[in-house]
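Structural overview
In case you want the letters, here they are:
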Amino acid sequence: MGQAKSSCRGALHSAFDYETPKTLVVPSIAVGAVFRFAQLLVLVYLVGYVCFVQKAYQDTDSVVSTVTTKVKGYAIVNGSAHSHSPQFRDVADYVIPPQGDKSFFVLTNMIVTTNQKVSHCPEIPQPSTVCSDDSHCTTGLKDLRGNGVRTGLCVNYSDTVQTCEVISWCPLEEDTGPNKHTLMDAAENFTLLIKNSVTYPKFNFHRRNIMPHINSSYLKSCVFNSTTHPDCPIFRLKQMVSDAGEDFQDMATEGGVLGILIDWTCDLDWWASRCLPKYSFRRLDDNNRSQVLAPGYNFRFAKYYKSPDGLESRTLIKAYGIRFEVIVIGTAGKFSILPTVVNLGATLTFLSLVPSVSDWFLVTCTRKRNVYRKHKTTHLKDDNEDHEDENKQSVINEYFL
Amino acid sequence: MGQAKSSCRGALHSAFDYETPKTLVVPSIAVGAVFRFAQLLVLVYLVGYVCFVQKAYQDTDSVVSTVTTKVKGYAIVNGSAHSHSPQFRDVADYVIPPQGDKSFFVLTNMIVTTNQKVSHCPEIPQPSTVCSDDSHCTTGLKDLRGNGVRTGLCVNYSDTVQTCEVISWCPLEEDTGPNKHTLMDAAENFTLLIKNSVTYPKFNFHRRNIMPHINSSYLKSCVFNSTTHPDCPIFRLKQMVSDAGEDFQDMATEGGVLGILIDWTCDLDWWASRCLPKYSFRRLDDNNRSQVLAPGYNFRFAKYYKSPDGLESRTLIKAYGIRFEVIVIGTAGKFSILPTVVNLGATLTFLSLVPSVSDWFLVTCTRKRNVYRKHKTTHLKDDNEDHEDENKQSVINEYFL
Amino acid sequence: MGQAKSSCRGALHSAFDYETPKTLVVPSIAVGAVFRFAQLLVLVYLVGYVCFVQKAYQDTDSVVSTVTTKVKGYAIVNGSAHSHSPQFRDVADYVIPPQGDKSFFVLTNMIVTTNQKVSHCPEIPQPSTVCSDDSHCTTGLKDLRGNGVRTGLCVNYSDTVQTCEVISWCPLEEDTGPNKHTLMDAAENFTLLIKNSVTYPKFNFHRRNIMPHINSSYLKSCVFNSTTHPDCPIFRLKQMVSDAGEDFQDMATEGGVLGILIDWTCDLDWWASRCLPKYSFRRLDDNNRSQVLAPGYNFRFAKYYKSPDGLESRTLIKAYGIRFEVIVIGTAGKFSILPTVVNLGATLTFLSLVPSVSDWFLVTCTRKRNVYRKHKTTHLKDDNEDHEDENKQSVINEYFL
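Residues numbered from 1 in each chain as written. Chains lettered and ligands numbered in written order. Predicted model: local features only at pLDDT ≥ 70, side-chain atom pairs only at ≥ 80, totals over all residues. Heavy atoms only, no water.

1. What to know about the nonpolar core
All names here are of chain B. Membership of the largest hydrophobic core comes to 58 residues, with the highest contact counts inside it found for Y94, L192, M240 and F324. Broken down by element, the residue count for this core peaks at seven residues, all from strand β18 (residues 312-329). If we ignore the near neighbours within four places in the chain, the residues touching L192 are T69, K70, V71, F104, P233, I234, F235, L237, M240 and I260. (Core = buried A, V, L, I, M, F, W, Y, C linked by side-chain atoms within 4.5 Å. Buried < 20%, exposed > 50% of the residue type's maximum accessible area, 1.4 Å probe, protein only. Helix = DSSP H or I, 4+ residues; strand = E, 2+ residues; numbered from the N terminus. Contact = heavy atoms within 4.5 Å.)

If you want it as structure tokens, here you go:
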């Protein structure tokens, strides 16, 4: 029983005996100062950079958002080369696609080719299409740079020029490039209403860009201005383009892509109530016209008509204009235990390196380094050199050196 | 040669001599218990929170997905105010845009203005448009709240009201707001098929929401139900809206945006076979009608016609309905060495703080703290106070205190 | 004053006295080698895996991008079953939606039903629609698998078959599935120009997929090829489909979704100038036709016409084709202090575990473990067993054991 008690006590001791390093206290102001200064450095880094600058104690979440848009405005435009009557255009005419998505196109300039029918007509004059007789025009040739399949005939394009005849939607579009004459310049006064709801799912945080303090009468009269009306969700097209550092008339003539960035970056620990959208504007396509190949933005679409006799015709429109893209960005941060522990742990590791630095300073740079070294470190003699008896003695000697 | 051998041995020693801290074993159950308990706390945190709750040993990847959608159903609707004949509508009529994208609009209610032509007509009566003679109507004025450019005339809108005449698409739309009379209420029985393929590129994991065990006959008859048919990819519109906590008739009348969330969050370490989509539904626009300005969702579009004499007319449609947005979310986790090491390392740092806590407990809280302190710590006397001889002596004394 | 000086010195000492562990130097090559080897292992892991493979010293940012697309090409197609005249189609006819978004559909095959009007006509024969007299056809029944609302009559569909009459857009579409006869096979030679601007906002890094060294004449003649022309932003549709491992004719006939992945993954520390887009192609919908229900990709849309008497008719098109989705992916990495510190710290923690391993080796595996243990560790006797005097003695004994 005494044995059992003893072995039990042995097990208890092996589990609970506490092993702690023996230490030496060195009364050196110099070393102490180095030690404290190194500790301070790490702490300043921890508190200053990790906590304040990087907010590494926060878990983050990306924004999930919905955007609906609505453009308002109308314009009277000069007719095109072919139809000289002025035209009236409203939202249903110039917003493509019409459904108020976060990406939409405002048609500001166009080349219209009316009453196209599938038939035969002469090609647009180009080096590869000009001909003097039928032998220059290979029947059935599908030139990818051309506009249709060749019939094999060489016909009069004008009084002076003959070109190969093609099967295509005729008459062909005469693409002379965008010109300022047909520009719908009233578009600069159109307004855009953006409705944007955001959610940070991880933090169950919802918000809307139309703030609770905005009332109906303010909404009817306000226009966004980054300094005087930063909360108004109604934007003038010209203002947005000029905020992006571009000229509206230029951009509307040749076409372009304008990003409307809504930034919902928020610190939900302290300033959830100040979590407000910040609007900014940036041209997204390349605008350096001298360097850039294929500048601007345009596309072709058609409206189809049927005559009473069942024949289909179309109006082809080469549309120039501004594509607006509402891009909602944002990251919210909120205190969370895991990133805090990870980042704190990583920094504390550096705190545990501080004694190594101080020890090195202690045994190499101080005046009394030999004394310190002697008391700090005990040397066992190499077993291979000496007999064990001598070794034992030398170890004992070391204690009294 | 003896010297060379000796210096070589010296270099070997300086490289391979092993310096280890001297330790003191304290046979105190109290301190040992504190030490083991603190270690246990850190380990429980490590295993429990970091590994099980946060799965910090996993690398994560975000889902990449493709969605195609297809709506089915048809409806007969009461005619509008102007055309009293009932109308028949199928998918090609009410899905905008038609191409089966992940975001699409189902037209459920509309205000139709037929046979609009660019011409002159009186404005809709409003405080700013009512007039009694021509002097109230400035020629050429483009009122952004109005519908067209003023001609300068004041004309009869009705027998009792005169308004300024404008150039616009005439007749003007009479926007009396959405009304339940014209609602396509059969839309609640329309069905939506969602085909969704997802990929986690980092883990080379592919999956489809139409499971291999679903056969053709099941697909022809099933309708999604979160409890009885959670795998069926065919959804009834009404069911989705009511799962989002909304009333279909209300939402369809005024318009709204409904999110269909497909959650593919998966743990690919253990349950890759159980990586299944979870569907949920949420209204994305703000629905609290009393608080919200500009509620609902609508837009205008037009169909263009040409009469035999070449004049263009259009039918303007103010469309109300539900925009569905399929939002695929998900993060997959799988064991990876880097996050494991980082998170393990950060936690182990805390394990290395445990001895500091125990040491503090040992030298301040135990009954025999003076004995422990004496054996643990050696004090070198301050060099500035005493002669070195005395100091040496005192150090030696300490060994025999 | 002497007392004040003394207490001041005491405070100074408690703040700046430096406590350092006492150490024992063991001249054992074996232990030293184990120690150095373990250190080496951790360092190799740190440098090799963390720095080179995972680049854990970098902060990362996700790409923000804009894409505009433009398809070129035209084709002559065989007429459909009803209109035998060949048809000519260009971009405005076959690209849906037309506005050059990052996701667009190229119509390559279709089933056309012309001149539909809302009226009465017999259903398409199916088990549920075939009838022999009016009693089989419930008036007003809206069969969701059918095409319209039943009138209650049973009428001749053909000379041999009678079906229930429905109110619908008549004549009904005869959906016989996609067939190769009506395929616009010239679509394989169409070309696609992709303009893609990317930004890494965190690093203020902008780039365009049309490189500065590409000039106008190269752009007019080049076609992308992953080996010979990897920088050309013009793609042949057939090449893209075959790069994705698919057959163009098959995919164009039945429809499908093709992903064009542009990978901008870049290391901005060293090779910012080599930050170039890498194009790859992948079929995004499921193509294993034997296993997959509802394969392919198609949708229905309509063109609306008005006859001179004001009646609306439509041409219904069931469109098959390839939906192209340009997906821009990419992560850029650049040196940053926070991830470096976190990852370095986590790894250094493991370095601080190395002495524990070596200590264990020292006191359990070496030949002279008893000698080492004796000099390294001092055992205080358990206070509960012995008197303090004996305990003191035993400690002293230990020094001379």
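2. As for the relation of the copies chain A and chain B
When chain A is fitted to chain B, the residual RMSD is 0.0 Å, and the transformation amounts to a turn of 120° plus an axial shift of 0.0 Å. A rotation of that kind, with that shift, is consistent with a three-fold axis. (Least-squares fit on C-alpha atoms with pLDDT ≥ 70 in both.)

3. A closer look at the packing of helix α7 (residues 337-351) of chain B against helix α2 (residues 29-53) of chain C
A pair of packed helices is characterised by two quantities: the angle between their axes and the separation of those axes. α2 of chain C packs onto α7 of chain B with a crossing angle of 130° between their chain directions and a minimal axis gap of 11 Å. Between α7 of chain B and α2 of chain C, the crossing angle belongs to the class labelled oblique. Here α7 of chain B runs over α2 of chain C; the crossing is left-handed. The residues of α2 of chain C that touch α7 of chain B, namely those facing I337, L338 and V341 of chain B, are Y45, Y49 and V50 of chain C. (Axes fitted to C-alpha atoms, helices over the stretch in contact; angles between N-to-C directions. Parallel < 35°, antiparallel > 145°, perpendicular 65-115°, else oblique. Left-handed = near helix turned anticlockwise from the far one by under 90°.)

4. What about unusual backbone geometry?
The general pattern is negative phi for most residues beyond glycine and trans for most peptide bonds. Omega for the peptide link from C170 of chain B to P171 of chain B comes to 0°, which places this bond in the cis form. By secondary structure assignment, the location of P171 of chain B is in the loop between β10 (162-170) and β11 (191-200). One non-glycine residue, N115 of chain A, lies in the positive phi region at around 60°. With respect to the element layout, N115 of chain A can be found in strand β8 (residues 103-122).

5. Comments concerning the state of the cysteines
Residue and element names in this part refer to chain A. Throughout the structure, instances matching the rule amount to 15 disulfides over all chains. At a sulfur-sulfur separation of 1.9 Å, the disulfide partner of C137 is C164. Between C137 and C164, the S-S torsion sits near -85°, and that sign places the bridge as left-handed. With C137 in the loop between β8 and β9 (149-156) and C164 in strand β10 (residues 162-170), this residue pair connects regions lying 27 residues apart in the sequence. Grouping residues by exposure puts C137 and C164 together as buried. The disulfide pattern of chain A is 1-6, 2-4, 3-5, 7-8, 9-10 when the bonded cysteines are numbered in sequence order. (Disulfide = S-S within 2.5 Å.)

6. Focus on the sheet that holds strand β2 (residues 23-26) of chain C
Reading across from one edge, β20(A)-β2(C)-β1(B) is the order of the three strands in this open sheet, with mixed pairing throughout. Every interior strand has two partners, whereas the edge strands, β20 (377-379) of chain A together with β1 (18-21) of chain B, have only one. Between one strand axis and the next, the sheet turns through 25° on average, direction left out of account. Summarising the sheet, β1 of chain B and β2 of chain C pair through four bridges and their orientation is antiparallel. Each bridged residue has a counterpart across the sheet, and for T20 of chain B the counterpart in β2 of chain C is L24 of chain C. Those strands touched by helix α8 (residues 354-364) of chain C are β1 of chain B together with β2 of chain C, and its axis lies near 95° from that of β1 of chain B. (Pairing = 2+ DSSP bridges.)

7. Notes on the sheet that holds strand β20 (residues 377-379) of chain C
Ordered in space as β1(A)-β2(B)-β20(C), the three strands form an open sheet in which the pairing is mixed. The open sheet has two edge strands, β1 (18-21) of chain A together with β20 of chain C, and neither has a second partner. Averaged over all pairs of adjacent strands, the angle between strand axes in this sheet comes to 25°, irrespective of strand direction. With respect to the sheet, helix α8 (residues 354-364) of chain B is in contact with β1 of chain A together with β2 (23-26) of chain B, its orientation differing from that of β1 of chain A by roughly 95°. In this fold helix α9 (residues 369-376) of chain B packs onto β1 of chain A together with β2 of chain B, with an angle of close to 160° to the strand it touches most, β2 of chain B.

8. A look at the interface of chain A and chain C
Counting residues at the interface gives 85 residues for chain A and 68 residues for chain C. The contact between chain A and chain C buries some 6,700 Å² in all, and 59% of this surface belongs to carbon and sulfur atoms. The interface formed by chain A and chain C includes four salt bridges. The shortest N-O distance in the salt bridge between E312 of chain A and K303 of chain C comes to 3.3 Å. Applying the counting rule to chain A against chain C returns 26 residue pairs in polar contact (both at pLDDT 80 or more). Among the elements that make up the side of chain A that touches chain C, the one with the highest residue count is helix α7 (residues 337-364) of chain A (ten residues). For the side of chain A that touches chain C, a count of residues per class yields 43 nonpolar, 20 polar and 22 charged. With three bridges connecting them, β20 of chain A and β2 of chain C associate as parallel partners. From the neighbouring strand, T377 of chain A faces β2 of chain C, where its bridge partner is T23 of chain C. (Buried area = accessible area lost by both parts, 1.4 Å probe. Salt bridge = Lys/Arg side-chain N within 4 Å of Asp/Glu carboxyl O. Polar contact = N/O pair within 3.5 Å; in protein donor to acceptor, adjacent residues only side chain to side chain. Nonpolar A, V, L, I, M, F, W, Y, C, P; charged D, E, K, R; others polar.)

9. Overview of the environment of K195 of chain A
Secondary-structure assignment places K195 of chain A in strand β11 (residues 191-200). For K195 of chain A, a relative accessible area of 16% puts it in the buried group. Through-space distance from the C-alpha of K195 of chain A to that of G48 of chain A is 38 Å; in sequence the pair is 147 residues apart. Engagement of the side chain of K195 of chain A in a polar contact is seen with the backbone oxygen of G296 of chain B, the distance being 3.2 Å.

10. Topic: the interface of chain A and chain B
With 69 residues of chain A in contact, the opposing surface of chain B contributes 84 residues. Overall, the association of chain A and chain B removes approximately 6,700 Å² of surface from exposure, summing both partners, and the carbon and sulfur fraction of that is 59%. Three residues stand out in chain A for area buried against chain B, namely Y18, Y74 and F88 of chain A, and they jointly supply 12% of the buried area on that side. At the junction of chain A and chain B, the tally comes to four salt bridges. In this assembly, chain A and chain B are joined by 27 residue pairs in polar contact (both at pLDDT 80 or more). With eight residues, α7 of chain A is the largest single contributor of residues to the side of chain A that touches chain B.

11. A short note on the confidence of the model for chain A
Taken as a whole, chain A shows an average pLDDT of 83; of its residues, 90% reach a score of 70 or greater. In the predicted structure, residues 383-401 of chain A sits below a pLDDT of 50 and forms 23 contacts with residues beyond four places in sequence or in another chain. (pLDDT = per-residue confidence, 0-100.)

12. Overview of the pattern of salt bridges
Tallied over the entire structure, the rule returns 48 salt bridges over all chains. Between K180 of chain B and D250 of chain B there is a salt bridge whose closest N-O contact spans 3.2 Å. Residue K180 of chain B is located in the loop between β10 and β11, and its partner D250 of chain B is located in helix α6 (residues 248-254); the two are separated by 70 residues in the primary sequence. When the shortest N-O distance is used, the salt bridge between E246 of chain B and R283 of chain B registers 3.1 Å. Of the two residues, E246 of chain B is situated in the loop between α5 (237-243) and α6 and R283 of chain B in strand β16 (residues 278-283); the sequence distance between them amounts to 37 residues. Accessibility expressed as a relative area gives 16% for R283 of chain B, which makes it buried. Taken together, the salt bridges that share partners define one network made up of E173, D175, R300 and K318 of chain A.

13. Some words on the pairing of strand β8 (residues 103-122) of chain C
All names here are of chain C. Where strand β7 (residues 95-96) meets β8, two bridges bridge the pair, whose relative direction is antiparallel. Paired with V95 across the two strands is V106, which belongs to β8. The turn joining β7 and β8, which pair antiparallel and follow one another in sequence, is formed by six residues; a positive phi near 70° is taken by G100. As defined by bridge partners, β8 adjoins strand β18 (residues 312-329) across eleven bridges and the pair is classed as antiparallel. Within β18, the position partnered with Q116 by the bridge is R314. Bridge analysis of β8 against strand β10 (residues 162-170) gives six bridges, and the strand direction is antiparallel. From the neighbouring strand, V118 faces β10, where its bridge partner is W169.

14. With respect to a nonpolar patch on the surface
On the surface, F37, L40, L41 and V44 of chain A cluster together into a nonpolar patch covering about 410 Å² of accessible area. We classify L40 of chain A as partly exposed; its relative accessible area is 49%. (Patch = residues over 30% accessible without salt bridge, like charges linked within 9 Å, V, L, I, M, F, W, Y side chains within 5 Å. Areas by Shrake-Rupley, 256 points an atom, 1.4 Å probe, with all protein chains shown as cover.)

15. Regarding the side chain of E188 of chain A
Residue and element names in this part refer to chain A. Mapped onto the secondary structure, E188 falls in the loop between β10 and β11. Of the polar contacts made by the side chain of E188, one reaches the side chain of Q249; its length is 2.8 Å. When near neighbours in sequence (up to four residues on either side) are disregarded, E188 contacts R236, L237, K238, F248 and Q249.

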